[in-house]
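Remarks on the overall topology
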Amino acid sequence: MNKFMKAAMASSVLAASVMGAHAANAATASADAKANILQQVTVTSDGSDLDFGTIVSGASAGTVAVNAAGAASCSASIVCSGSTTAAGFNVSGTSGATVDVSTDATVTLTGPTDTMSASLTPSATSIVLDGTDAFTVGGTLSVAANQADGAYVGSFDVTVSYQ
């Protein structure tokens, strides 16, 4: 064998050993693919609206607060009467899952010639769903001094989402 053939053979042996080394070091692993499906969460009104009752405004501004149970308290500058209720909502979704509850921060009530604003407070900010899921929304209505008489109404949104 001449030098050229010896060099070519050595190169072939070296190339084969390098290629074979890669194949000898190969490894394989596997993993699972997973998914967790949740029932679509829904929220519906139970038919109860946030009702601040009947209010007689006075010479000074005041507030009417309706708590999550629907009970009202009025500041001394106004007179409150009539039935009051908190707004009620029902929630459905996957049992055992937790949902976050949020509301608009305020609602504007519009009357014949004027407006009033109420801050909103939900009875819960999160709920673990168990099939009998409900919450209420109360609020505090700001009544101006000598507020114009008439029926006032406004609407607000609630949002429920999985954590």
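Higher on the page you've got the structure.
Heads up: these notes are all about the structure in this document. Quick caveat: nothing in here was measured; it's all calculated off a predicted structure. (Residues numbered from 1 in each chain as written. Predicted model: local features only at pLDDT ≥ 70, side-chain atom pairs only at ≥ 80, totals over all residues. Heavy atoms only, no water.)

What about the sheet that holds strand 12 (residues 158–162)?
Spatial strand order, 10-7-12: three strands in an open sheet with antiparallel pairing. Two strands bound the open sheet, and with one partner strand each, they are strand 10 (126–128) and strand 12. Adjacent strand axes in the sheet meet at a mean angle of 25° when their direction is disregarded. Examined bridge by bridge, strand 7 (residues 98–103) and strand 10 share three bridges and lie antiparallel to one another. By the bridge assignment, Thr98 is partnered in strand 10 with Val128. (Pairing = 2+ DSSP bridges. Helix = DSSP H or I, 4+ residues; strand = E, 2+ residues; numbered from the N terminus. Axes fitted to C-alpha atoms, helices over the stretch in contact; angles between N-to-C directions.)

Notes on the packing of aromatic side chains
For any pair of aromatic rings, geometry is given as the distance between the ring centres together with the angle between the planes. Considering all chains together, one arrives at two aromatic pairs under this definition. Residues Phe89 and Phe135 carry aromatic rings whose centres are separated by 5.3 Å and whose planes lie at 20° to one another, so their mutual orientation is stacked. Here Phe89 is found in strand 6 (residues 87–92), whereas its partner Phe135 is found in strand 11 (residues 133–143), with 46 residues between them in sequence. Assigned by exposure class, Phe89 and Phe135 land together as buried. Pairing Phe89 with Phe156 gives two aromatic rings, centres 6.4 Å apart and planes at 70°, and the pair type is edge-to-face. With Phe89 in strand 6 and Phe156 in the loop between strand 11 and strand 12, the pair connects residues that are 67 residues apart, well separated along the chain. When its relative accessible area of 11% is taken as the criterion, Phe89 is described as buried. (Phe/Tyr/Trp six-rings, centres within 6.5 Å; stacked < 30°, edge-to-face > 60°. Buried < 20%, exposed > 50% of the residue type's maximum accessible area, 1.4 Å probe, protein only.)

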